[in-house]
Amino acid sequence: MEYFVGIDLGTSSVRAVAVDPDGNAAAAGQCEYDIQKPELDRAEQDMDQLWEATVQAIRKMLAEKPEIRDEVRGIGFSGQMHGLVMVDREIRPVGNAIIWADQRSAEQIRHIYGTVPEEEFAKVFENRLSTGFLLPSLVWVREKEPARYEKIYKVMLPKDYIRYRICGELGTDASDACSTGMWDMKARTWAFDILKKLDIPAEYLVESHESYEKAGTVTKECAERIGLKEGTFVAFGGGDSLMMELGNGMIRGGLMASTIGTACHLTCALDAPTYDPKLRTNTWCHGGEHLWSIMGAHLSGGVALKWLKNNILGAQSFDAMTALASEVPAGSEGLLFLPYLNGERTPHNDPNAKAVYLGMTLRHDKRHMIRSTMEGIVYSMKESYAIFRSLGIRGDRIIAAGGGAKSPLFRQIQADMYDCPIYINQGKEQASIGAAMTAAVGSGYYKDYEEACARMVHLSPEATEPIPENVKKYEEEFQRFKEIYFANKALF
């Protein structure tokens with residue numbers, strides 16, 4: 001039996017999963033870590049710590065099933081998107097990585113648009129710049145920490161540094177590089193003309209390839225550390241949202257994924273780089289040529305429930321919380337939650353946006369707070385859904401993904417708010433399976449993604465169907481929800 005390893009480098013943990021050619025997980029290992037917040041608007045991570053966590057995750061995977069060591073044919077990656085990793089000429093990190101959740105670079109975005117007007121920028125990038133993207137973070141370092149900036153040899157994304165530590169080769173892929181703010185979406189390459197205007201040296205950039213292409217092989221030094229065979233094929237892999245799409249079989253239109261993890265996003269695969277003219281959503285390159293994806297990104301997903309659990313309620317578990325929330329009817333009896341605990345991207349792109357509970361009365365208790373928090377997360381995603389529909393993008397099925405897919409209540413809320421059946425993947429490792437799929441295609445085991453998806457992706461035949469009275473209630477409450485941000489924007 002041959003296996004493919006998908007390494008999913010997330011915001012709070014790294015997970016290594018060995019899957020067989022039919023997409024079944026044979027062994028897995030995970031290691032957690034934290035975001036460092038030296039100041040309120042900052043979000044950083046130590047890449048050496050993330051590398052050590054990756055080593056431990058792979059070792060745990062192999063310890064679970066040692067016999068797969070000699071049967072791993074290839075390795076692929078799924079990585080948290082947007083973040084800035086800077087390395088010197090010895091390929092050592094120049095300080096911490098500035099990750100996607102960072103909010104410090106709003107001023108730098110204004111400086112960038114002062115040099116390259118937003119309309120001109122959007123014609124190439126097909127997105128609006130956001131704080132936490134690699135480009136504005138890099139400009140912030142240049143303006144605020146010039147001594148650190150002068151040490152830079154190359155810049156890359158977080159998973160690219162981890163892959164370098166495994167195969168010893170620098171590079172990135174289109175699905176991750178396209179999220180940096182430095183990308184030409186139609187041409188699927190770096191936006192060299194824009195970068196020249198911004199005085200960003202082209203020499204800082206690593207080569208970009210497609211997700212399934214060969215990045216290198218496991219080095220002798222790495223093999224001795226992690227336990228995998230020297231010479232094992234290593235694919236470039238891709239950005240986590242795109243790898244999750246692959247893991248859900250989303251390589252053509254008609255399928256959407258509603259992903260609730262630490263953050264959350266709504267995505268749909270495209271065969272052309274369609275984008276919202278108002279730049280409220282994101283358009284990304286997908287895992288291979290002639291594939292793109294549109295995404296509505298929301299910065300507070302499961303992290304909002306975690307905040308409520310740990311900082312407010314002191315609850316025992318998420319299961320206990322959702323059991324309480326199930327006692328409350330749809331709409332939480334008028335209590336609404338605006339989930340902008342960390343600013344927001346779609347549709348407002350406002351790093352200053354804040355969270356709000358609206359409509360609280362004496363009859364409300366912690367059950368209502370939990371359910372309204374869950375509903376607020378999905379209301380925010382419903383805003384993306386409305387934008388997709390305005391662009392003519394339709395999904396006949398929606399797949400629930402991420403941690404939120406495990407919750408029957410979360411799945412029901414999504415079915416009711418989208419007024420669409422919600423399916424789940426029978427496998428629980430969509431991002432890792434997508435990452436493994438890049439290795440399966442790149443190593444030649446499967447000829448293309450179509451063949452790989454047909455074998456490796458297994459959706460549940462049963463769906464969570466919308467409840468008509470809940471659909472009506474949520475549509476009414478959604479109109480109120482949309483007004484909360486605008487009514488409070490000046491106060492934020």
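Residues numbered from 1 in each chain as written. Predicted model: local features only at pLDDT ≥ 70, side-chain atom pairs only at ≥ 80, totals over all residues. Heavy atoms only, no water.

*Asks:* What exactly am I supposed to notice about the overall build of the protein here?
*Replies:* Looking only at helices and strands, one finds 17 helices and 23 strands in the protein. Relative to its length of 492 residues, the protein is compact, with a C-alpha radius of gyration of 22 Å against a globular reference of 23 Å. Across its three principal directions, the C-alpha atoms of the protein cover 65 × 55 × 45 Å. Every one of the 492 residues in the protein was classed for burial, and the buried ones make up 60%. Surface exposure of the protein reaches about 18700 Å², of which carbon and sulfur atoms provide 48%. Of the charged side chains in the protein, 55 are positive and 68 negative, and the gap between their average positions amounts to 2 Å. (Helix = DSSP H or I, 4+ residues; strand = E, 2+ residues; numbered from the N terminus. Rg over C-alpha atoms; globule rule 2.2 N^0.38 Å. Buried < 20%, exposed > 50% of the residue type's maximum accessible area, 1.4 Å probe, protein only. Areas by Shrake-Rupley, 256 points an atom, 1.4 Å probe, with all protein chains shown as cover. Lys, Arg positive; Asp, Glu negative; His and termini not counted. Charge placed at Lys NZ, Arg CZ, Asp CG, Glu CD.)

*Asks:* Please explain the pairing of strand β18 (residues 282-285) as it appears in this structure.
*Replies:* Each regular strand carries side chains that alternate between the two faces of the sheet. Going residue by residue along β18, you find N282 and W284 tucked away on one face and T283 and C285 tucked away on the opposite face as well. The antiparallel hairpin formed by β18 and strand β19 (residues 292-298) contains six residues in its connecting segment, where H290 sits at a positive phi of about 70 degrees. (Pairing = 2+ DSSP bridges.)

*Asks:* So what exactly am I meant to see when it comes to the layout of surface pockets here?
*Replies:* To locate leftover empty space, one rolls a probe as large as a water molecule over the atoms. In this structure, the second largest pocket occupies an estimated 270 Å³ of space. Forming the boundary of the second largest pocket are 18 residues, of which A106, I109, L129, N349 and P351 lie nearest the centre. A class-by-class count of the residues in the lining of the second largest pocket yields six nonpolar, six polar and six charged. (1 Å grid on protein atoms, 1.4 Å probe; cavity = no way out; pocket = protein on both sides within 12 Å on 5 of 7 lines; lining within 4 Å. Points joined across faces, edges and corners; volume = space filled by probe spheres on them. Nonpolar A, V, L, I, M, F, W, Y, C, P; charged D, E, K, R; others polar.)

*Asks:* I tried to follow the side chain of H298 on my own but got confused; where do I start?
*Replies:* Mapped onto the secondary structure, H298 falls in strand β19. In terms of polar contacts, H298 uses its side chain to reach the side chain of S384, at 2.7 Å. Those residues within four positions of H298 in sequence are excluded, and the remaining contacts are A263, C264, H265, E344, T346, S380, M381 and S384. (Polar contact = N/O pair within 3.5 Å; in protein donor to acceptor, adjacent residues only side chain to side chain. Contact = heavy atoms within 4.5 Å.)

*Asks:* Please clarify how the nonpolar core should be interpreted in this entry.
*Replies:* What tends to happen in soluble globular proteins is that the nonpolar side chains get buried as a cluster. Among the nonpolar cores identified, the biggest contains 112 residues, and F121 and L135 are the most heavily contacted of them. With nine residues, helix α13 (residues 366-390) is the single largest residue contributor to this core. Leave out the neighbours within four places in its chain, and F121 touches I112, Y113, V116, E126, L129, L135, G181, I194 and L198. (Core = buried A, V, L, I, M, F, W, Y, C linked by side-chain atoms within 4.5 Å.)

*Asks:* Honestly, the packing of α13 against helix α14 (residues 408-418) in this entry has me stumped. Any pointers?
*Replies:* For any two helices packed against each other, the geometry comes down to the angle between their axes and how far apart the axes lie. Between α13 and α14, the shortest axis-to-axis distance is 10 Å and the interhelical angle comes to 40 degrees. Classed by the angle they form, the pair α13 and α14 counts as oblique. With respect to the hand of their crossing, α13 and α14 are arranged in right-handed fashion. Between α13 and α14, the contacting residues are R371, M374, E375, I377, V378, Y379, M381, K382 and Y385 on the first element and L409, F410, I413, Q414, M417 and Y418 on the second. Taken together, the residues that form the contact of α13 with α14 break down as eleven nonpolar, one polar and three charged. (Axes fitted to C-alpha atoms, helices over the stretch in contact; angles between N-to-C directions. Parallel < 35°, antiparallel > 145°, perpendicular 65-115°, else oblique. Left-handed = near helix turned anticlockwise from the far one by under 90°.)

*Asks:* What exactly am I supposed to notice about the environment of G402 here?
*Replies:* Position of G402 relative to the elements: it lies in the loop between β22 (395-401) and α14. Along the backbone, G402 and H209 are 193 residues apart, and their C-alpha atoms lie at a distance of 27 Å. In this structure, G402 is in contact with M244, T259 and I260, ignoring residues within four places of it in sequence.

*Asks:* Got a minute to help me understand helix α16 (residues 449-456) in this structure?
*Replies:* Owing to its 3.6 residues per turn, the α-helix aligns residues three or four sequence positions apart on the same side. Within α16 the residues assigned to the buried category are Y449, A452, C453 and M456. One face of α16 carries all of its buried residues, which in axial projection span an arc of 100 degrees. Buried positions along α16 lie against β2 (13-19), α10 (240-247) and α15 (430-442). Between the side-chain oxygen of the N-cap and the backbone nitrogen of E450 there are 3.3 Å, and the N-cap of α16 in question is D448. (Arc of directions from axis to C-beta.)

*Asks:* Just to check I follow, could you spell out the pattern of salt bridges for this structure?
*Replies:* Charged atoms that come close allow side chains of opposite charge to pair. Under the defined criterion, the tally for this structure stands at 28 salt bridges. Of the charged contacts in the structure, one is a salt bridge between E210 and R188, with a shortest N-O distance of 2.9 Å. Note that E210 is positioned in the loop between β12 (208-209) and β13 (214-217) and R188 in the loop between β10 (183-184) and β11 (189-190), a separation of 22 residues in sequence. One network of salt bridges, with partners in common, ties together K159, D160, R163, D173 and D176. (Salt bridge = Lys/Arg side-chain N within 4 Å of Asp/Glu carboxyl O.)

*Asks:* What's the story with unusual backbone geometry in this structure? I'm lost.
*Replies:* Trans peptide bonds make up the majority, and among non-glycine residues the majority have a negative phi. That bond from T346 to P347 is cis: its omega, 0 degrees, falls within 30 degrees of zero. Among the secondary structure elements, P347 is positioned in the loop between β20 (336-338) and β21 (356-358). At D199, a position not held by glycine, the phi torsion is positive, near 60 degrees. Its location among the elements puts D199 in the loop between α8 (192-197) and β12. Overall, the relative accessible area of 58% leaves D199 in the exposed class.

*Asks:* What is the right way to read the sheet that holds strand β16 (residues 254-260) from this model?
*Replies:* Paired through backbone hydrogen bonds, the strands of a sheet run either parallel or antiparallel to each other. With mixed pairing, the six strands of this open sheet are ordered in space as β18-β19-β17-β16-β22-β23. Looking at the sheet topology across the chains shown, the edges are occupied by β18 and β23 (422-424). Recorded for the sheet is a direction-independent mean angle of 30 degrees between the axes of neighbouring strands. In this sheet, strand β17 (residues 264-270) lies alongside β16 in antiparallel orientation, the contact comprising five bridges. Residue pairing in the sheet places I260 in a bridge with C264 of β17. Of the strands in this sheet, β16, β17, β19 and β22 are in contact with α13, which crosses β17 at around 25 degrees.

*Asks:* Hey, could you run me through empty space enclosed by the protein in this one?
*Replies:* Under the counting rule described, the total for this entry stands at one cavity of 30 Å³ or more. Size it by volume and the largest cavity reaches roughly 50 Å³. Lining the largest cavity, in full, are R128, S130, L279, R280, T281, N282, R345, T346 and N349. Considering only residue class, the lining of the largest cavity consists of one nonpolar, five polar and three charged.

*Asks:* What should I look at first to understand the side chain of S293 in this one?
*Replies:* Residue position: S293 is located in strand β19. Reaching out from S293, the side chain makes a polar contact with the backbone oxygen of C268 at a distance of 3.3 Å. Not counting residues up to four positions away in its chain, the partners in contact with S293 are L242, E245, T267, C268, A269, L270, N282, T283 and W284.

Nothing here speaks to function; it is geometry throughout.
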